[in-house]
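Inside the fold
Now for the letters of each chain:
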Amino acid sequence: MTAEDDLETLRARLLAAALVHVPFDGWSAAALRAGAADLEVPEIEAQNAFPGGARDLIELFSRRIDQLMLERLGGSDLDNLRVRDRVALGIETRLELLEPYREAVRHGMVFLALPQNAALASRLLWRTVDAVWYAAGDTATDYNFYSKRLLLLGVYSSTVLFWLSDRSPDHGDSRQFLARRIDNVLKLGGGFGKRLRRAMDLPDRLLARRARTLGASRRL
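These numbers come from a predicted model, not from an experiment.

1. Quick word on the overall build of the chain
The secondary structure content of the chain amounts to 11 helices and zero strands. Considering the chain as a whole, with its 220 residues, one finds that 46% of them fall into the buried category. Residue pairs in contact within the chain that sit at least 24 positions apart in sequence constitute 71% of those at least 6 positions apart. As displayed, the chain has an accessible area near 11,400 Å², and 55% of this comes from carbon and sulfur atoms.

Right, dumping it as structure tokens:
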């Protein structure tokens, strides 16, 4: 095992330990210190593992959830689903993965809303919607690549906010909300809205075959 592997293992352990304290301390140096203390890891080692403090901690958490989402979707049969249904499934899968960390997500929304964290918030959100589109089999390389992701930014963000307060059985209300938001996007006027609607209504077998290797080989 290399030194880099050792560091990644330590970061993963510290993240898991800190997550226990995030609902009480928020995404903060205090949560990281408490997690390190639980593991009996010296504070200086925890600081070296996350030199950016809480920002590095929440970034690793977001990247890990994205990776788990891709791995889970990679084991699903998506070929006969419409693109819109695969996009919805990607978001639903990510929310399922976030369910055990609902309070951490709530604190994360507050943390990322701070002006000094605006750039980080944008970067993490972009990575997530890019991963969702990737899992859905998107192969766009022109301006549509950016347009589709910009549209999904709003869909995903509003759905997460709704999900945080959703107490319906099995979060059925959140799934309905997500479906309505996707429908709203598809009702965009102009040529792009029509092209996007046609593309998202097609089954995957009529598009370029989606990439088969998800997760570790994906650039997150």
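Having put the structure on the table, let's press on.
2. Regarding the packing of aromatic side chains
Overall, the coordinates contain five aromatic pairs when judged by the stated rule. Taking 4.5 Å as the distance between ring centres and 10° as the angle between the ring planes, the aromatic pair formed by F162 and F177 counts as stacked. Separated by 15 residues along the polypeptide, F162 in helix α9 (residues 143–164) and F177 in helix α10 (residues 172–186) bring together distant segments of the chain. Relative accessible area serves as the criterion here: at 15%, F177 is assigned to the buried category. Three or more aromatic residues joined by ring pairs make a cluster, and in this case those are W27, F61 and Y101. Cation over ring: R102 sits above W163, and NZ or CZ is 4.5 Å from the ring centre.

3. Concerning the packing of helix α5 (residues 54–74) against helix α8 (residues 118–135)
Interaxial distance between α5 and α8 falls to 10 Å at its minimum, and their mutual angle equals 5°. One finds that α5 runs roughly parallel with respect to α8. The residues of α8 that touch α5, namely those facing R55, I58, E59, S62, R63, D66, M69, L70 and L73, are L120, R123, L124, R127, T128, A131, V132, Y134 and A135.

4. Let's talk about the layout of surface pockets
Estimates place the volume of the largest pocket at around 430 Å³. Sorting the residues of the lining of the largest pocket by element identifies α5, α6 (83–98), α7 (102–112), α8 and α9 as the ones contributing at least two each. Of the residues contributing to the lining of the largest pocket, the split by class is 15 nonpolar, four polar and one charged.

5. Notes on the environment of W126
Among the secondary structure elements, W126 is positioned in helix α8. Separated by 20 residues in sequence, W126 and Y146 place their C-alpha atoms 10.0 Å apart. Beyond its immediate stretch of four places on either side in the chain, W126 contacts F145, Y146, R149, L150 and L153.

6. Regarding the confidence of the model for the chain
Confidence in the prediction for the chain averages 86 pLDDT; 83% of positions are at 70 or higher. Note on residues 204–220: pLDDT under 50 across the span, and 40 contacts to partners over four residues away in sequence or across chains.

7. A short note on the pattern of salt bridges
Tallied over the entire structure, the rule returns 13 salt bridges. In this structure, R84 and D183 form a salt bridge, with 2.0 Å as the shortest nitrogen-oxygen distance. Highlighted residues: R84 in helix α6 and D183 in helix α10, separated in sequence by 99 residues. By relative accessible area, which is 30% here, D183 ends up partly exposed. The closest approach of N and O atoms between R175 and D170, which form a salt bridge, is 3.5 Å. When its relative accessible area of 60% is taken as the criterion, D170 is described as exposed. Members of the salt-bridge network, linked through shared partners, are D130, D138, K148 and R149.

8. Digging into the side chain of H21
Within the secondary structure, H21 is located in the loop between α1 (3–19) and α2 (22–25). By relative accessible area, H21 is classed as buried at 17%. Not counting the four nearest positions on each side in its chain, H21 is found in contact with G26, A31, A34, G35 and D38.

9. What about the environment of F145?
Along the chain, F145 falls in helix α9. Along the backbone, F145 and W133 are 12 residues apart, and their C-alpha atoms lie at a distance of 9.2 Å. Ignoring any residue separated from it by four or fewer positions in sequence, one finds F145 in contact with W126, D130, D138 and A140.

10. Thoughts on the side chain of E59
Relative to the helices and strands, E59 resides in helix α5. Judged by its relative accessible area of 14%, E59 falls in the buried class. Among the polar contacts made by the side chain of E59, one reaches the side chain of R123 at a distance of 3.5 Å. Discounting residues that sit within four places of it in the chain, E59 has contacts with L120, R123, L124 and R127.

What counts as what
- Residues numbered from 1 in each chain as written.
- Predicted model: local features only at pLDDT ≥ 70, side-chain atom pairs only at ≥ 80, totals over all residues.
- Heavy atoms only, no water.
- Helix = DSSP H or I, 4+ residues; strand = E, 2+ residues; numbered from the N terminus.
- Buried < 20%, exposed > 50% of the residue type's maximum accessible area, 1.4 Å probe, protein only.
- Contact = heavy atoms within 4.5 Å.
- Areas by Shrake-Rupley, 256 points an atom, 1.4 Å probe, with all protein chains shown as cover.
- Phe/Tyr/Trp six-rings, centres within 6.5 Å; stacked < 30°, edge-to-face > 60°.
- Lys NZ or Arg CZ within 6 Å of the ring centre and 35° of its normal.
- Axes fitted to C-alpha atoms, helices over the stretch in contact; angles between N-to-C directions.
- Parallel < 35°, antiparallel > 145°, perpendicular 65-115°, else oblique.
- 1 Å grid on protein atoms, 1.4 Å probe; cavity = no way out; pocket = protein on both sides within 12 Å on 5 of 7 lines; lining within 4 Å.
- Points joined across faces, edges and corners; volume = space filled by probe spheres on them.
- Nonpolar A, V, L, I, M, F, W, Y, C, P; charged D, E, K, R; others polar.
- pLDDT = per-residue confidence, 0-100.
- Salt bridge = Lys/Arg side-chain N within 4 Å of Asp/Glu carboxyl O.
- Polar contact = N/O pair within 3.5 Å; in protein donor to acceptor, adjacent residues only side chain to side chain.

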